[in-house]
Amino acid sequence: MTTKTKTVLVLGAGASHGYGFPIGSQLRQKILALRDSDEASNDMGFGKGAIRKFVDAFMQSQSYSIDSFLGRRQEFVEIGKAAIAYVLLTCEQSADLTNDENKDHWYQLLVNEIATNDWDTFDPSWLSVVTFNYDRSLLQYLINTLQHIYNKRLEEVSSKLSTIKMIHVYGRLGELSGIPFGGLQPNSLDYYVREAAKSLVIIPEGRDDSPTVIAAQELIKSAERICFLGFGFDATNVRRLGAPDCFLNKAPNQHPPKTPKRVVATCLGLTDAEVGRAIQHLFSGGNLTGNLTDNFLAMNCIRTLRESLILD
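Note that the structure is a prediction, hence the values are computed from the model and not measured.

The rules we used
Residues numbered from 1 in each chain as written. Predicted model: local features only at pLDDT ≥ 70, side-chain atom pairs only at ≥ 80, totals over all residues. Heavy atoms only, no water. Pairing = 2+ DSSP bridges. Helix = DSSP H or I, 4+ residues; strand = E, 2+ residues; numbered from the N terminus. Contact = heavy atoms within 4.5 Å. Axes fitted to C-alpha atoms, helices over the stretch in contact; angles between N-to-C directions. 1 Å grid on protein atoms, 1.4 Å probe; cavity = no way out; pocket = protein on both sides within 12 Å on 5 of 7 lines; lining within 4 Å. Points joined across faces, edges and corners; volume = space filled by probe spheres on them. Nonpolar A, V, L, I, M, F, W, Y, C, P; charged D, E, K, R; others polar. Phe/Tyr/Trp six-rings, centres within 6.5 Å; stacked < 30°, edge-to-face > 60°. Buried < 20%, exposed > 50% of the residue type's maximum accessible area, 1.4 Å probe, protein only. Lys NZ or Arg CZ within 6 Å of the ring centre and 35° of its normal. Core = buried A, V, L, I, M, F, W, Y, C linked by side-chain atoms within 4.5 Å.

Participant: Any chance you could explain the sheet that holds strand β5 (residues 262-266) here in plain terms?
Facilitator: Within a sheet, each strand pairs with its neighbour through backbone hydrogen bonds, oriented either parallel or antiparallel. Pairing is parallel across the open sheet formed by 6 strands, whose spatial order is β3-β2-β1-β4-β5-β6. Looking at which strands have only one partner, the edges of the open sheet turn out to be β3 (165-168) and β6 (296-297). In the sheet, strand β1 (residues 7-11) pairs with strand β2 (residues 127-131) via 5 bridges, with the strands oriented parallel. Following the sheet pairing, V8 is matched in β2 by S128. Packing of helix α8 (residues 106-114) onto the sheet brings it into contact with β1, β2 and β4 (225-229), and relative to β1 it is tilted by some 165°.

Participant: I would appreciate a short explanation of the layout of surface pockets in the present structure.
Facilitator: Volume-wise, the largest pocket comes out at about 1,400 Å³. Forming the boundary of the largest pocket are 44 residues, of which A13, I23, G24, G230 and G232 lie nearest the centre. When contributions to the lining of the largest pocket are tallied by element, the ones reaching two or more residues are α1 (13-16), α2 (24-32), α5 (66-72), α6 (77-91) and α13 (235-240). Residue composition of the lining of the largest pocket, by class: 21 nonpolar, 18 polar and 5 charged.

Participant: I'm lost on the packing of aromatic side chains in this one. Help?
Facilitator: Describing an aromatic ring pair means giving the distance of the ring centres and the angle of the ring planes. For the coordinates displayed, the defined rule picks out 19 aromatic pairs. Plain terms: the ring middles of Y107 and Y141 are 5.5 Å apart, the flat faces sit at 50° to each other, and that makes the pair tilted. Linking Y107 in helix α8 with Y141 in helix α9 (residues 137-150), this pair joins segments that are 34 residues apart in sequence. On the basis of relative accessibility, which here comes to 1%, the residue Y107 falls in the buried class. We classify Y141 as buried; its relative accessible area is 4%. Measuring from centroid to centroid gives 4.9 Å for F228 and F233, while their planes differ by 50°, and the two rings are tilted. One exposure class covers both F228 and F233, and it is buried. Taken together, the aromatic side chains of F132, Y170, F228, F231, F233, F247 and F296 make up a single cluster linked through ring pairs. Positioned above the aromatic ring of W126 is the side chain of K4, whose terminal nitrogen or guanidinium carbon lies 4.3 Å from the ring centre.

Participant: Quick question: what am I supposed to make of the nonpolar core here?
Facilitator: One recurring pattern in soluble globular proteins is that nonpolar side chains are buried together. V10, F54, W106, F228, L241 and F247 are the most contacted members of the largest nonpolar core, which has 107 residues in total. When residues of this core are assigned to their parent elements, the largest contribution, 11 residues, is made by α6. Residues within four places of V10 in sequence aside, it is in contact with V130, F132, I220, I226, C227, F228, L229, F231 and L241.

Written out as structure tokens, the structure is:
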């Protein structure tokens, strides 16, 4: 059996967008819409007055990101996490994961790339995932589809999938076994929102030496290929991924400088200057030969994977 190249997918909000989850600006709008919601008040466990105070401050701050806002307004961290958990849990819909009308259905491409062998030789351990998203949609999708591909029980599929190291850098909306994916109804979410909010870490709370950050760096350091999907290249997140050292090939000495690993990225919505800045942050100190911008593609996730053949 051919050994596949160690590959890490690094996921940002855009990677989940085709499956019903908001990117940053949309998350802001969804949180602002909670201001006068009776359902949100019931399910978040906060009174309407507290929610209005939080939402009004977030709106008036004009912050793009809820993370950056909460990093400066510590008094709102608890209610802010509850708002994030409430919004994202209500976005989890099983039907969105298998919608053939999705123009960026890259989960389907991925499962067909990893499930190429029979069950006994099925080994997806060449793949790792580092995600900055809280949602569990990719894992839920893989569990569901592989059960149907191979006609295997949940326990058997989960065991195989455990060989795919999947790091949620800032936590996730709880375990699938404890907080079910999809089908949760408003006015019955209060327990799940509380539990999910406990697992969330906002960017300013994160530490460069946290176990999840160190684990993510180790995956990237040992990988030969890295693919960013829907990632915004926030400077703090790039640093926490171990840039630039983890993105440069090992060399027996420092002369010539280390060369960049193969990195592919979606860059929809980024300007040329922003792409250039991302490259400098990722590879600073390396021998930047060739036109690295050729691998930063103004395409969605599925087209980027297909054009780059990085899963090949």
